[in-house]
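# Descriptive structure summary
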Amino acid sequence: MTITSKQSNPISIGGLAAACGVPVETLRNWENRYGFPLPERLESGHRRYALELIPRLRKIRMLVDAGYKPSFAVTASDEEMDRLLLCSSEAASERSGPDTAQISGWLALVEQMDGAGLARAFSRDWNTVGARRFIFEHALPYLRDVGCLWERGAISVAHEHFASEVLQTFLAEQWRPLLPVAGHRRIVLANQEGELHSLGLQMAAILTTLHGVEPVFLGPNTPLRDIIVAATAQKVDAVIIGLSAVSDPARSASFLTDLRQGLVGIRLAFGGNDRLPAMSNIEYIPTLEDFDRWLDLLV
Ligand code: B12
């Protein structure tokens, strides 16, 4: 298609290269290989580009700088790009401070699949910094890095499973001996049916015991009726459901609504997925820090 130079703010390939930090040669190369960025042509044959291409091209450059292949970066969806860029900026290599060394050490043990070493390293850290700092400042960023490294192809799915499994076992071993003795409040902690991301719930169990409240821990993938039976029989003060970004909001909302109907006179709250609609008589607790405050008010 040919255009006249009067058309909506078109810029030359040199202008685009300067605006995005991508060399002219590379822009031509991407156009030939991947069909992006596509110029319009002046009658003279010169390329002209819409200004709207600049933000996307800048993101592509950032992804390539972060180590992604151009064939992947140029064709990624906008949503995917945003997620990966967030991931790159949060990755261990770009953080600084003493916590970075801690987490990098754990990740090295994951790479070697050294479970005993990793459990010992968790234990040393837990004893040094305490439960809350362990969770919020080390375990959560560690899991985020594991996810990022896996997304970048730097570690395998097996490593991701290994990394989360060792942490999951470690966390479970920490809170059970802390269980309070008689005369305390009790709450059910369960993941929705189909939900396997249970580490948030394990961390919630630790915070619960730190408040002297007993978790009735039902764990991942718990069917609706079993939550109702357990909560009713144990006469708990509340039921807390752990979801994740993976859970389908409509399905989770329907699960929670059914659960609400089955739980007579028991508080119901959920955390872990922020895409659900507001639901009557069901509380939403966005983060584990919020859950820590929620427990302050319960006791
Ligand atoms: C460990 C992990 C797994 C492990 C889980 C093991 C376990 N025992 O939990 C395994 C290997 C099983 C797994 C499986 C899958 N996973 Co996964 N997983 C992860 C990983 C690396 C860490 C998640 C985690 O535990 N984080 C710790 C929690 C506590 O932190 P958080 O999620 O940020 O939660 C915050 C809030 O949501 C809230 N919160 C969370 N839980 C709770 C609970 C309560 C009670 C409260 C109050 C608050 C709360 O508090 C936190 C902040 O304070 C993430 C990567 C990442 N970048 O997060 C992927 C990730 C979550 N998984 C993902 C996917 C796609 C899957 C699978 C579909 C993969 C597959 N193809 O099989 C399956 C789904 C399984 C299922 N049906 O549930 C995607 C989700 C993408 C999306 N947005 O939809 C992620 C982001 C990876 C990725 N980048 O693609 N996964």
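Parameters and conventions
Residues numbered from 1 in each chain as written. Predicted model: local features only at pLDDT ≥ 70, side-chain atom pairs only at ≥ 80, totals over all residues. Helix = DSSP H or I, 4+ residues; strand = E, 2+ residues; numbered from the N terminus. Domains from an automatic or database assignment. Axes fitted to C-alpha atoms, helices over the stretch in contact; angles between N-to-C directions. Parallel < 35°, antiparallel > 145°, perpendicular 65-115°, else oblique. Left-handed = near helix turned anticlockwise from the far one by under 90°. Contact = placed C-beta atoms within 7 Å. Nonpolar A, V, L, I, M, F, W, Y, C, P; charged D, E, K, R; others polar. Near = placed C-beta within 6 Å. Pairing = 2+ DSSP bridges. Buried ≥ 20, exposed ≤ 12 C-beta atoms within 10 Å, placed from the backbone. Right-handed = clockwise from strand over helix to strand, strands pointing away.

If you trace the backbone, Asp-258 turns up in helix 12 (residues 249-262). In this structure, the C-alpha to C-alpha distance between Asp-258 and Arg-225, residues 33 residues apart in sequence, is 9.6 Å.

Splitting the protein by domain gives domain 1 (2-81), domain 2 (92-175) and domain 3 (181-298). Inter-centroid distance (C-alpha atoms) of domain 1 to domain 3 is 48 Å.

Glancing now at the packing of helix 1 (residues 13-20) against helix 3 (residues 53-65). In contact at an axis separation of 9 Å, helix 1 and helix 3 are set at 55 degrees when each is read in the N-to-C sense. Our classification of the angle between helix 1 and helix 3 gives oblique. The two elements helix 1 and helix 3 meet at a crossing, and its hand is right-handed. Mapping the contact onto sequence places Leu-16, Ala-19 and Cys-20 in helix 1 and Leu-53, Ile-54, Leu-57, Arg-58 and Arg-61 in helix 3. Residues of the contact of helix 1 with helix 3, tallied by class, amount to six nonpolar, no polar and two charged.

Right, let's get into the site of the ligand. Inspection of the region around the ligand gives 32 residues, with Gly-147, Gly-200, Gly-271, Gly-272 and Thr-287 positioned closest. When residues of the shell around the ligand are traced back to their parent elements, those giving at least two are helix 8 (131-151), helix 9 (157-175), helix 10 (199-210), strand 6 (238-242) and helix 13 (288-298). In terms of residue count, the dominant contributor to the shell around the ligand is helix 8 (six residues). Residue classes in the shell around the ligand are distributed as 14 nonpolar, 13 polar and five charged.

Turning our attention to the sheet that holds strand 5 (residues 214-222). Spatially, five strands are ordered 5-4-6-7-8 in an open sheet, and the strand pairing comes out parallel. What marks the edges here is a single partner per strand, and that holds for strand 5 and strand 8 (283-284). Pairing between strand 4 (residues 186-192) and strand 5: six bridges, direction parallel. What sits directly across from Val-188, in strand 5, is Val-216. Against the sheet, helix 10 makes contact with strand 4, strand 5, strand 6 and strand 7 (267-271), and its axis sits at roughly 175 degrees relative to strand 4, the strand it touches most.

Regular strands place their side chains on alternate faces of the sheet. The element strand 6 is largely enclosed, with a buried count of five among its five residues. Burial along strand 6 is two-sided: the face carrying Ala-238, Ile-240 and Gly-242 and the face carrying Val-239 and Ile-241 are both buried. The pairing of strand 6 with strand 7 spans five bridges and is classified as parallel. When the bridges of strand 7 are listed, Val-239 appears paired with Leu-268. In this region the chain leaves strand 6, passes through helix 12 and returns to the parallel neighbour strand 7; the handedness of that crossover is right-handed.

Here we take up unusual backbone geometry. The linkage connecting Phe-36 with the following residue, Pro-37, adopts the cis geometry, with an omega of 0 degrees. Examined against the element boundaries, Pro-37 turns out to sit in the loop between helix 2 (24-34) and strand 2 (40-42). Positive phi, normally seen in glycine, also occurs at Met-113, with a value near 50 degrees. Overall, Met-113 belongs to the partly exposed group, with 13 C-beta atoms counted inside 10 Å. For Asn-281, which is not glycine, the phi dihedral falls at a positive 65 degrees. Checked against the element boundaries, Asn-281 lands in the loop between strand 7 and strand 8. Owing to 10 C-beta atoms within 10 Å, Asn-281 belongs among the exposed residues under this scheme.

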